[in-house]
Amino acid sequence: SSQIYPIHLPRETRTRRALLICNIEFEHLSRRDGAEVDVEGMMKLLEGLGYVVDVHRNLTSQGMATVMKDFANRKEHWTSDSTFLVFMSHGVRAGLCGTKSKGETTDILSVDTIYEKFNNKCCRALLGKPKVVIIQSCRGGKVGSVMVSDSADPAMPTPGSAHAIPAGLEDDAICEVHLESDFGTLHSSTPDTVSWRSSVTGSLFIQHLIEQFRNHACNSDLQEIFRKVQYSFGKFPRQLPSQERTTMLRKFYLFPGH
């Protein structure tokens, strides 16, 4: 179907690669105890999905940017059908904390950098292929819950007006593509709120994500799996994963036809 991302190459010849960056030790911030459990769990999951995982630990924001640039240039992407980009660190509203971070502004990797390194201009090998971004970090200090009354009657949000498409346009370009497309992104929490992690069992988000992928990757597309991860937080009002900046043009099945 034209509505599903194609997987042309057989498992034996395709070269799926995934990138996993996890910051645990920091110069000025607390140690992220339990994060190693997340790394081990995500590595097993991604390897089971057919990806060779490049793992990097304890990087500054510049170090993370350099690793992403090198990974985007890997020749294996030409014979791959997709990639996973997984980031785990302390975080603030502006982005992910590097190992030298002191607060809101020092050694912060902007989330925009992820999309810039892997967009269709900088990473041609992944043009038209799913790029799955998983981000485990706090995005502020607020608790993601609020007390409400059963009788509350919140106002319905006003839908935004649709963008009008100018008529009469013609395009003679040889090949024009979207600058940024085919990203599917799941953050561990909504903006300005915290993400929860156990020093023993790892982060709640990664635990739930691994469980949903293991149970449903064989028959559900990526965004349906993301929705299942979000639904699994229904009884934990302090945190809710958030799909953002998703530009998937088709459905992505990891095992189409299974």
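Residues numbered from 1 in each chain as written. Predicted model: local features only at pLDDT ≥ 70, side-chain atom pairs only at ≥ 80, totals over all residues. Heavy atoms only, no water.

Novice: Can you break down the overall build of the chain residue by residue, with the values?
Specialist: Secondary structure summary: the chain contains five helices and eleven strands in total. Going through the 258 residues of the chain one by one, you find that 45% of them count as buried. Considering only residue pairs separated by 6 or more positions, the chain has 78% of its internal contacts joining residues 24 or more positions apart. If you sum the accessible surface of the chain, you get close to 14000 Å²; carbon and sulfur atoms cover 53% of it. (Helix = DSSP H or I, 4+ residues; strand = E, 2+ residues; numbered from the N terminus. Buried < 20%, exposed > 50% of the residue type's maximum accessible area, 1.4 Å probe, protein only. Contact = heavy atoms within 4.5 Å. Areas by Shrake-Rupley, 256 points an atom, 1.4 Å probe, with all protein chains shown as cover.)

Novice: Describe the pairing of strand β1 (residues 17-22), and please don't skip the residues or the numbers.
Specialist: Every regular strand shows the same layout, with side chains that alternate between the two sheet faces. Most of β1 is tucked away: six of the six residues are buried. In terms of strand pairing, β1 meets strand β2 (residues 52-57) through six bridges, oriented parallel. Bridging across to β2, Cys22 finds its partner in Arg57. Relative to strand β3 (residues 83-88), β1 is paired through six bridges, and the arrangement is parallel. What sits directly across from Leu20, in β3, is Val86. (Pairing = 2+ DSSP bridges.)

Novice: Could you give an account of the state of the cysteines, naming the residues involved and the relevant values?
Specialist: On inspection of all chains with the given rule, the structure shows zero disulfides. Considering cysteine sulfurs only, Cys138 is the nearest to Cys97, which forms no disulfide, with 8.9 Å between them. According to the relative accessible area criterion, Cys97 is buried, its value standing at 2%. (Disulfide = S-S within 2.5 Å.)

Novice: Pulling in residues and values, what's your account of helix α5 (residues 222-231)?
Specialist: Among the residues making up α5, those that are buried are Leu222, Ile225, Phe226, Lys228, Val229 and Gln230. In this structure, the buried residues of α5 make contact with β7 (131-136), β8 (183-187), α4 (204-216) and β11 (242-243). N-capping of α5 is provided by Asp221, with a side-chain oxygen placed 3.2 Å from the backbone N of Gln223. (Polar contact = N/O pair within 3.5 Å; in protein donor to acceptor, adjacent residues only side chain to side chain.)

Novice: If you had to explain the side chain of Ser203 to someone new, which residues and values would you point to?
Specialist: Mapping Ser203 onto the fold places it in strand β10 (residues 202-203). Among the polar contacts listed, one links the side chain of Ser203 to the backbone nitrogen of Ile206, at a separation of 3.3 Å. For Ser203, the contacting residues outside a window of four places in its chain are Asp38, Gln136, Trp196, Arg197 and Ser198.

Novice: Summarise helix α1 (residues 35-48); cite the residues concerned and give the values.
Specialist: A rise of 1.5 Å per residue sets the reference length of α1, with its 14 residues, at 20 Å; its end C-alpha atoms lie 20 Å apart and thus fit the reference within 8%. Turning to α1, its buried residues are Ala35, Asp38, Val39, Gly41, Met42, Leu45 and Leu46. Taken together, the buried residues of α1 touch β1, β2, β3, β9 (197-198), β10 and α4. Gly50, located one to two residues past α1, shows a positive phi value of around 95°. (Expected span 1.5 Å × (residues − 1).)

Novice: Talk me through unusual backbone geometry; I want residue IDs and the actual numbers.
Specialist: With a phi close to 55°, Asn58 is a non-glycine residue in the positive phi region. Structurally, Asn58 is set in the loop between β2 and α2 (61-72). Note on Asn58: relative accessible area 32%, which makes it partly exposed. A positive phi angle is found at Asp192, which is not glycine, with a value near 75°. Within the fold, Asp192 resides in the loop between β8 and β9.

Novice: I'd like a description of the side chain of Asn120, backed by residues and values.
Specialist: Looking at where Asn120 falls in the secondary structure, it is placed in the loop between α3 (111-117) and β7. Judged by relative accessible area, Asn120 falls into the buried class, the value being 4%. There is a polar contact of 2.8 Å between the side chain of Asn120 and the backbone oxygen of His178. Not counting chain neighbours up to four residues away, the residues in contact with Asn120 comprise Leu126, Leu127, Gly128, Lys131, Val177, His178, Leu179, Glu180 and Ser181.

Novice: So what about the sheet that holds β11? Which residues, and what values?
Specialist: Sheet strands associate in pairs through backbone hydrogen bonding, adopting either a parallel or an antiparallel arrangement. Taking strand neighbours across the sheet as the criterion, the six strands line up as β2-β1-β3-β7-β8-β11 in an open arrangement whose pairing is mixed. In this open sheet, the two strands that pair with only one neighbour each are β2 and β11. With two bridges joining them, β8 and β11 adopt antiparallel strand pairing. What sits directly across from Leu186, in β11, is Gln243. With respect to the sheet, α2 is in contact with β1, β2 and β3, its orientation differing from that of β1 by roughly 175°. Most of the contacts of α4 go to β7, to which it runs at about 145°, and overall it touches β3, β7 and β8. (Axes fitted to C-alpha atoms, helices over the stretch in contact; angles between N-to-C directions.)

Novice: Explain the packing of α4 against α5 to me, using residue names and the numbers behind them.
Specialist: Taken N-terminus to C-terminus, the directions of α4 and α5 make an angle of 135°; their axes are 9 Å apart at the nearest point. Overall, the two elements α4 and α5 adopt an arrangement that is oblique. Viewed along their axes, α4 and α5 form a crossing whose handedness is right-handed. Of the residues in α5, those in contact with Phe205, His208, Leu209, Gln212, Phe213 and His216 of α4 are Leu222, Ile225, Phe226, Lys228 and Val229. In terms of residue class, the contact of α4 with α5 is made up of seven nonpolar, three polar and one charged. (Parallel < 35°, antiparallel > 145°, perpendicular 65-115°, else oblique. Left-handed = near helix turned anticlockwise from the far one by under 90°. Nonpolar A, V, L, I, M, F, W, Y, C, P; charged D, E, K, R; others polar.)

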